[in-house]
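# Examining the three-dimensional arrangement
Here are the chains, one letter per residue:
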Amino acid sequence: MRALNSHFVLIDLHSSWNSATQIPASTFAYLQATRFSTSLSAAFRRTRGGRSRISSSGLPVPLTEIRRPREWPIPGNGLSSVSSNSASSSQSQAVSDLDLFLELVPLRMRNELFGHAEIGDLIEVVMDLGRQPLARFPSGDWVISEQLVQLEDLRHAISKVGEFSDDNRSGIDHSLHRISAIRNRKLQIIGLTCRVGRSVSGSAEIIRDLVEGGGSILVIGPPGVGKTTLIREIARMLADERKKRVVIVDTSNEIGGDGDVPHSGIGRARRMQVPNVHMQHNVMIEAVENHMPQTIIIDEIGTELEALAASTIAQRGVQLVATAHGITIENIIKNPSLQLLVGGIESVTLGDDEARKRKVQKTILERKGPATFTCAVEMITRTECRVHHRLDATVDAILAGKSPLFEMRSMDVEADNSVKSIPTPESHQLEHSELADIEERTQIEYAEKVDDGEKEEYSLNLMNLIPNRSLSISSPVLVYTYKTLEADLQQVASVMGLEDDIDVTNDISAADAILASTSELKQNPWIRGVAKLHQLPVFVIKSNTMAQLVKAVRMILGMTSRSKQPLQSPFDFEIKDDAPKRKPSIEEIDALEEVRLAIEYIVIPGGEPVELLPRRSEIVARQLELVESYQLTVENSGTDLNPRLQILPQKLNKITALKHSKSSSILHKDTTFKPVARDGGGVARLPLLPE
Ligand SMILES: Nc1ncnc2c1ncn2[C@@H]1O[C@H](COP(=O)(O)OP(=O)(O)OP(=O)(O)O)[C@@H](O)[C@H]1O
């Protein structure tokens with residue numbers, strides 16, 4: 001398994017001497033052991049092909065001069081001096097200070113390690129007394145040497161690191177490496193886990209939108225998945241690119257590295273060290289109170305006190321980016337110390353009626369309050385994660401025993417760090433034919449069941465609009481709303497007397513439709529993606545006004561036709577904003593009300609003409625528009641200077657209507673009223689008027 005007898009190849013980049021000179025690994029090891037180790041190891045870097053480079057002068061070649069062949073692994077090639085600046089800004093670039101790390105590895109192990117093709121991606125070296133030393137690589141564990149770890153080896157490593165704090169962690173000055181100790185009962189160190197720390201520029205691209213969105217983000221994932229590396233890059237991104245005041249509460253000096261001057265990997269973010277782990281929560285609060293941060297970054301929230309401090313910080317309107325151990329949000333919900341991060345959980349006993357209505361048991365679990373974080377990221381690997389855009393909705397769904405809505409993302413580090421949303425298995429895309437089948441089936445089955453005229457018509461409309469609608473006609477249409485609309489929608493539905501017909505849900509998989517505002521859709525393009533995956537129609541309102549919501553409810557329930565405008569996706573329905581551009585005057589409202597009452601109470605039911613009061617010409621123009629919308633004919637029974645309308649119980653024919661609309665458009669401009677005379681004999685009678 002182990003790679004032995006490695007040879008290192010020296011290549012002259014500057015002279016015409018092109019042949020490779022091989023030196024045995026033992027010579028290299030000697031060089032490594034000398035005071036040149038750091039600089040030389042920077043020059044003798046093994047690449048995947050087993051090559052290292054050095055200049056003909058014997059001095060290390062400046063790394064900027066080494067052109068990286070395409071096949072070199074990115075990230076994590078182990079080149080300590082490679083700066084993020086030298087890389088394309090969009091690509092991940094790992095900077096690991098591997099030299100400093102390797103210095104703590106005993107010499108004999110270091111030689112072996114250098115023989116490994118993945119040395120640049122080294123994650124950890126594990127040394128337990130009396131056991132074989134192990135190296136951890138992304139590809140798995142690797143036995144560094146058959147020779148067992150001696151006390152000497154541990155002593156060597158300990159001599160290279162700083163003091164261990166009470167969480168048994170230490171570091172190497174000016175580096176991001178983390179050294180954790182295992183002690184025996186006499187508190188002597190008998191084991192070490194030495195982790196290579198890296199700053200990886202580009203690693204936070206996968207959630208750039210969330211970071212820049214300003215919401216608080218909870219990052220969870222199993223140990224070693226890359227949480228610390230991710231939040232370190234988030235700190236740099238916010239401080240350097242977004243120019244935010246970022247403070248890192250760095251309990252084990254893992255984010256900003258050991259030493260009093262933080263590592264360049266955190267950019268301009270400031271770092272607060274923590275005297276001992278039990279004081280993390282105090283330092284969290286101190287950070288907010290003393291340093292006016294816009295963002296606070298914390299690695300590992302693990303205790304109730306820390307969770308409480310996090311919630312206090314969030315309440316003060318500071319963006320919080322924190323990590324916690326756990327694989328899924330469910331783990332956090334089940335962890336009594338961390339529950340508070342998701343709003344806290346309480347058990348509620350429902351009344352019999354309520355339990356029956358909700359079809360649940362009498363005692364249920366509910367979220368106690370608002371979640372500390374806006375969204376959560378479950379890291380699966382360094383480049384794959386699940387994004388819960390609304391942590392509160394996820395928690396509610398889990399507590400209700402439903403599957404939460406999340407977005408699966410992956411980042412392509414080999415290309416340009418492009419991030420894509422991956423369809424989740426439960427939300428597989430239906431084929432068009434499948435969809436058409438479902439629609440047809442629903443309509444037929446429903447038509448067979450219902451004979452109530454009006455309800456049938458609108459429910460059929462509804463099924464046309466909402467392909468996912470279930471067959472049950474008694475259950476309300478479930479609408480998934482994003483952000484603030486929930487209560488408003490319920491209120492509007494109840495005012496319209498439609499509370500039994502429409503309801504809101506947090507569970508996208510149970511929803512029949514999505515309601516969102518234009519701005520929300522712009523800020524959260526994932527909504528459309530998720531809607532497509534679930535084959536849900538999206539009803540788009542311009543603003544969160546009552547008028548728009550009324551229209552939305554009517555449209556969702558199929559009571560009005562959808563907009564004929566071309567839309568972005570076949571499932572988008574735009575709710576038009578037809579609110580008047582200006583506020584009508586009292587006089588105008590009065591004049592229009594006069595028209596309405598005349599038409600609805602006298603002209604249509606009684607078949608009699610009605611002469612309206614004389615009005616100003618621009619008001620008369622408004623009245624004329626209203627009369628036209630009833631398809632009725634008018635005459636000017638006043639004078640040019642003092643116009644007044646007479647509404648006739650006769651249907652407006654098309655030609656007259658056209659003339660009228662032209663004249664009314666002239667009226668809009670000229671504000672003079674020139675009504676068209678009644679159309680001789682060719683006036684059609686309204687069908688509803690008595691002959
Ligand atoms: N994007 C990345 N590219 C290259 N290496 C990475 C990347 N992310 C993490 N690593 C490496 O993986 C190892 C583990 O990373 P990190 O310490 O960030 O994980 P973690 O999830 O915070 O672990 P823990 O929960 O144990 O603290 C480190 O050696 C780190 O350098």
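Per an unreviewed UniProt entry, the chain carries the name AAA+ ATPase domain-containing protein and comes from Escallonia herrerae.

Turning to the site of the ligand, a few remarks are in order. Surveying the vicinity of the ligand reveals 20 residues, the closest of which are Arg195, Val196, Lys227, Thr228 and Thr229. In this structure, Val196 approaches the ligand through a main-chain N or O atom, which is 2.5 Å from an oxygen atom. For the ligand, an oxygen atom lies 2.9 Å from a polar atom in the backbone of Gly224. For the ligand, the protein covers 95% of the area, taking 630 Å² as the surface of the free molecule.

The next subject is the sheet that holds strand E25 (residues 538-541). Taken together, five strands build an open sheet; the order of strands is E23-E22-E24-E25-E26 and the sheet is parallel. At either end of the open sheet lies a strand with only one pairing partner, and these are strand E23 (502-505) and strand E26 (572-575). When strand polarity is set aside, the average angle formed by the axes of neighbouring strands in this sheet is 30 degrees. Inspection of the sheet shows strand E22 (residues 477-481) paired to E23 by four bridges, in the parallel sense. From the neighbouring strand, Leu478 faces E23, where its bridge partner is Asp503.

It is worth spelling out the sheet that holds strand E4 (residues 124-128) at this point. Spatial ordering of the open sheet is given by E6-E5-E4-E9-E8-E7, a layout of six strands whose pairing is antiparallel. Whereas interior strands pair on both sides, the edge strands pair on one side only; in this sheet they are strand E6 (140-143) and strand E7 (169-171). With strand direction ignored, the average angle separating the axes of adjacent strands in the sheet is 25 degrees. Pairing analysis gives three bridges linking E7 to strand E8 (residues 178-183), with the strands arranged antiparallel. Counterpart to Arg169 in the pairing with E8 is Ser180. Running at roughly 55 degrees to strand E9 (residues 189-195), helix H5 (residues 151-160) makes contact with E4 and E9 of the sheet.

A word on the pairing of strand E18 (residues 375-381). Judged by how many residues are buried, E18 sits mostly within the fold: five of seven residues are covered. Bridging between strand E11 (residues 217-221) and E18 involves four bridges; their strand directions are parallel. Opposite Ile220, over in E18, you have Glu378 as the bridge partner.

What the rule picks out here adds up to 30 salt bridges. Arg615 is the salt-bridge partner of Asp590, the closest N and O atoms lying 3.9 Å from each other. On the criterion of sequence distance, the pair formed by Asp590 in helix H19 (residues 586-606) and Arg615 in the loop between strand E27 (610-611) and helix H20 (617-629) is long-range, its members being 25 residues apart. Assessed through its relative accessible area of 11%, Arg615 is described here as buried. Several salt bridges share partner residues, and in doing so they unite Glu205, Arg208, Glu212, Glu233, Arg236, Glu241 and Arg242 into one network.

The residue Asn168 is not glycine, and still its phi comes out positive at about 60 degrees. Along the chain, the position of Asn168 falls in the loop between H5 and E7. For His174, which is not a glycine, the phi torsion comes out positive at approximately 60 degrees. Position of His174 relative to the elements: it lies in the loop between E7 and E8.

What counts as what
- Residues numbered from 1 in each chain as written.
- Predicted model: local features only at pLDDT ≥ 70, side-chain atom pairs only at ≥ 80, totals over all residues.
- Heavy atoms only, no water.
- Near = heavy atom within 4 Å.
- Polar contact = N/O pair within 3.5 Å; in protein donor to acceptor, adjacent residues only side chain to side chain.
- Areas by Shrake-Rupley, 256 points an atom, 1.4 Å probe, with all protein chains shown as cover.
- Pairing = 2+ DSSP bridges.
- Helix = DSSP H or I, 4+ residues; strand = E, 2+ residues; numbered from the N terminus.
- Axes fitted to C-alpha atoms, helices over the stretch in contact; angles between N-to-C directions.
- Contact = heavy atoms within 4.5 Å.
- Buried < 20%, exposed > 50% of the residue type's maximum accessible area, 1.4 Å probe, protein only.
- Salt bridge = Lys/Arg side-chain N within 4 Å of Asp/Glu carboxyl O.

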